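Residue-level listing of the chains:
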Amino acid sequence: MPASLSPLPPAPAGQPFTRESLFDGSVMAALKACAPPDVRLRTQEELDACLDATLASHDPADDLYLFGYGSLMWNPAIHHIDAAPALVRGWGRRFCLWLYMARGSVEHPGLMLALDRGGACRGIALRIAAEQVRSELQLVWRREMLSGAYAARWVTAECQGERRRMLTFVANRAHPRYAGRMEPGEVARYIADGRGALGTCRDYFQRTVDALQNLSMQDSELERIAQVLTSKSRAVSGSDLA
């Protein structure tokens, strides 16, 4: 595995989260438009206050490392100096957040990745230049922190032979969208069926699996889910031929 991955490949075409859509607020508007009536999303002022509180313990003269384990690996959409493989212990990559908007809906709910307690997770450390930390994280906050289902958390990660302090996003277990731990078959069912105004859970899942494979990283839980999805697809194809 390479010590450095910079520059990362360009973002896949057709993704709802682009630098431009995050910057001009169109993604926030789209998410608010497709949110169920009982879902409250944060205002820009609330997002800014949350970001300020998170950065209160960060030295503004230092670069910041952002740990990505899902779409931030294949579509970071932010300016960064460098990217490198990283390992976080004590937190595992899990589909443990319900999705009722974006890539899910009330009619076709999906599941989204988060870090949840237990295990370990391999991902990508994005290094953001000190002078760009706040402006770049504003875009990340619009993407990850709008509903409150994630909690921003500082973790220690192993990266390039060193232990480094990094910012990442973990599941907010107190949030109504927290789904807890499910069996791979149940997760696969929601990934296969989840779809909404901004895409499908299956697309998100496959792009994450592809990114891990390209980085020569293994995730046994995602591999088990992928096996169930493949079996389901073969079963459907077989019934079509019968």
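So, how was this worked out
- Throughout this description, residue numbers start from 1 for each chain and increase along the sequence as written.
- A pLDDT threshold of at least 70 governs which residues receive local features in this predicted model, and a stricter bar of 80 or more applies before side-chain atom pairs are shown or counted, although totals over entire chains, interfaces and linings include all residues.
- In computing side-chain values, all of the structure's heavy atoms are included and hydrogens and water are not.
- In this scheme, a residue with accessible area under 20% of its type's maximum is buried, one over 50% is exposed, and one in between is partly exposed, where area comes from a 1.4 Å probe on protein chains only.
- For helices the rule is a DSSP run of H or I covering at least 4 residues; for strands it is a run of E covering at least 2, with both sets numbered from the N terminus onward.
- Expected helix span is given by 1.5 Å per residue-to-residue step, counting one fewer step than there are residues.
- Each direction from the helix axis to a C-beta atom contributes to the arc, which is the arc of those directions.
- For helices, the axis comes from a line fit to the C-alpha atoms of the stretch in contact; other axes are also lines fit to C-alpha atoms, and the angle between any two N-to-C directions lies between 0 and 180 degrees.
- Roughly parallel means an angle under 35 degrees; roughly antiparallel means over 145; roughly perpendicular covers 65 to 115; every other angle is labelled oblique.
- Contact definition: two residues touch when any of their heavy atoms are within 4.5 Å.
- All residues other than Ala, Val, Leu, Ile, Met, Phe, Trp, Tyr, Cys, Pro, Asp, Glu, Lys and Arg, Gly among them, are scored as polar; the first ten of these are nonpolar and the last four charged.
- Criterion for a salt bridge: a side-chain nitrogen of Lys or Arg within 4 Å of a carboxyl oxygen of Asp or Glu.
- Pairing between two strands requires that DSSP report at least two bridges joining them.
- Two rings from Phe, Tyr or Trp (for Trp, the six-membered ring) form a pair when their centres sit within 6.5 Å of each other. Planes less than 30 degrees apart are called stacked, planes more than 60 degrees apart edge-to-face, and all others tilted.

Draft legend 1. Inspection of the pairing of strand β1 (residues 64-68) at higher detail. Burial analysis of β1 places five of its five residues in the buried class, which makes it a mostly covered element. Going residue by residue along β1, you find L64, L66 and G68 tucked away on one face and Y65 and F67 tucked away on the opposite face as well.

Draft legend 2. Fine view of helix α7 (residues 201-214). Spanning 14 residues, α7 covers 20 Å between terminal C-alpha atoms, matching the ideal 20 Å at 1.5 Å per step. Of all the residues in α7, the buried ones are C201, Y204, F205, T208, V209, A211 and L212. Down the axis of α7, the smallest arc covering the buried residues is 160°, so these residues share one side. Seen from the open side of α7, the exposed residues pointing more than 90 degrees away from its buried face are Q213 and N214. Within two residues after α7, S216 carries a phi angle of roughly 60°, on the positive side.

Draft legend 3. A look at the packing of helix α6 (residues 184-193) against α7. Remark: α6 packs on α7, axes separated minimally by 6 Å, with the N-to-C direction vectors making an angle of 115°. Here α7 runs roughly perpendicular to α6, going by the angle between their axes. Along its contact with α6, which presents Y190, I191 and A192, the element α7 presents C201, R202 and F205. In terms of residue class, the contact of α6 with α7 is built from five nonpolar, no polar and one charged.

Draft legend 4. Focus on the pattern of salt bridges. Enumeration over the complete set of coordinates arrives at 13 salt bridges. Between E136 and R19 there is a salt bridge, and its shortest N-O distance comes to 2.7 Å. Here the residue E136 occupies a position in helix α5 (residues 133-144), and R19 occupies one in helix α1 (residues 19-23), the gap between them amounting to 117 residues. Close ionic contact of R89 with E158 constitutes a salt bridge, the shortest N to O distance being 2.7 Å. Of this pair, R89 sits in strand β2 (residues 82-99) while E158 sits in strand β4 (residues 150-159), and the two are 69 residues apart along the sequence. Each of the salt bridges in this network shares a partner with another, and the network as a whole consists of R94, D116 and R173.

Draft legend 5. Broad picture of the environment of E131. Position of E131 relative to the elements: it lies in the loop between β3 (110-128) and α5. With 70 residues separating them along the chain, E131 and A61 place their C-alpha atoms 7.6 Å apart.

Draft legend 6. Structural view of the pairing of β4. Sheet topology places β2 next to β4; three bridges connect them, and they run antiparallel. Following the sheet pairing, V88 is matched in β4 by A157. Bridge count for β4 against strand β5 (residues 162-171) is 10 bridges, and the pairing is antiparallel. Bridge pairing links A157 to R164 in β5. Hairpin connection from β4 to β5: two residues lie between these consecutive antiparallel strands, with Q160 at a positive phi of about 50°.

Draft legend 7. Summary view of unusual backbone geometry. Unusually for a residue other than glycine, A77 sits at a positive phi of about 60°. Structurally, A77 is set in the loop between α4 (71-74) and β2. Look at A77 and you get buried, because its relative accessible area is 14%. A positive phi angle, near 65°, is found at A102, a position not held by glycine. Within the secondary structure, A102 is located in the loop between β2 and β3.

Draft legend 8. Representation of the packing of aromatic side chains in the model. Applying the stated rule across the entire model yields eight aromatic pairs. With a centroid separation of 6.1 Å and 65° between ring planes, the pair formed by W74 and Y204 is classed as edge-to-face. Within this pair, whereas W74 is found in helix α4, its partner Y204 is found in helix α7, the two being separated by 130 residues in sequence. Its relative accessible area of 9% is what places W74 among the buried residues. Both rings, one in F95 and one in F205, keep their centres 5.8 Å apart while their planes meet at 45°; by these two values the pair is tilted. Residue F95 is found in strand β2, and its partner F205 is found in helix α7; the two are separated by 110 residues along the sequence. The buried category is assigned to F205, whose relative accessible area is 1%.

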